[in-house]
Amino acid sequence: MATPIHALNRPAASNNVPAADAVDRPRRVSTYHRSDRVVLVTPPGEAAVMQPDDARTLADRLYEHADAVDSRPSGRVLRFPSR
């Protein structure tokens with residue numbers, strides 16, 4: 001079962017990337033990392049429409065968070081079920 005978003009204890013520092021919804025209202029896509037996960041927060045129930053430079057910025061932020069998660073020592077070991 002997935003952890004509810006309110007239980008993630010979102011850190012104060014997140015990265016926001018400008019976007020717009022389908023009718024061109026300004027929106028933001030946020031990224032952050034927690035524990036062993038990278039989190040992407042999008043406008044609820046909407047699509048985020050971005051300029052190419054903003055999409056590249058989003059990709060950069062996701063890479064930064066993935067690197068931060070990869071560099072942390074993992075206390076969890078997930079085993080694959082044996083057959």
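Whatever comes next refers back to the structure up there.
My aim in this report is to walk through the structure given alongside it, one point at a time. (Residues numbered from 1 in each chain as written. Predicted model: local features only at pLDDT ≥ 70, side-chain atom pairs only at ≥ 80, totals over all residues. Heavy atoms only, no water.)

1. Focus: unusual backbone geometry
Argument step 1. Of note, the phi angle at D24 is positive, near 70°, even though the residue is not glycine.
Argument step 2. Turning to its location among the elements, D24 is positioned in the loop between β1 (15-20) and β2 (26-34). (Helix = DSSP H or I, 4+ residues; strand = E, 2+ residues; numbered from the N terminus.)

2. Details of the environment of P73
Argument step 1. Tracing the backbone shows P73 in the segment after α1 (52-71).
Argument step 2. Its relative accessible area of 80% is what places P73 among the exposed residues.
Argument step 3. Taking the C-alpha atoms as reference points, P73 and D36, 37 residues apart in sequence, are found 9.2 Å from one another. (Buried < 20%, exposed > 50% of the residue type's maximum accessible area, 1.4 Å probe, protein only.)

3. Notes on the pairing of β1
Argument step 1. Strand direction decides the pairing type here: β1 and β2, joined by six bridges, are antiparallel. In the strand pairing of β2, N15 is matched with T31.
Argument step 2. Linking β1 to β2, which pair antiparallel, is a turn of five residues; within it D24 sits at a positive phi near 70°. (Pairing = 2+ DSSP bridges.)

4. Comments concerning the sheet that holds β1
Remark on secondary structure: sheet strands pair via backbone hydrogen bonds, oriented parallel or antiparallel.
Argument step 1. Pairing is antiparallel in the open sheet, where three strands are placed in the order β1-β2-β3. With partners counted over all chains shown, the strands left at the sheet margins are β1 and β3 (37-41), one partner each. In this sheet, adjacent strand axes meet at a mean angle of 20° when their direction is disregarded.
Argument step 2. Across five bridges, the pairing between β2 and β3 is antiparallel. Looking at the pairing, R34 lines up with R37 of β3.
Argument step 3. Against the sheet, α1 makes contact with β1, β2 and β3, and its axis sits at roughly 15° relative to β2, the strand it touches most. (Axes fitted to C-alpha atoms, helices over the stretch in contact; angles between N-to-C directions. Contact = heavy atoms within 4.5 Å.)

5. A few points about the pattern of salt bridges
Argument step 1. This structure, assessed with the given rule, holds four salt bridges.
Argument step 2. A salt bridge links D21 to R25; the nearest nitrogen and oxygen atoms lie 2.4 Å apart.
Argument step 3. Assessed through its relative accessible area of 4%, D21 is described here as buried. (Salt bridge = Lys/Arg side-chain N within 4 Å of Asp/Glu carboxyl O.)

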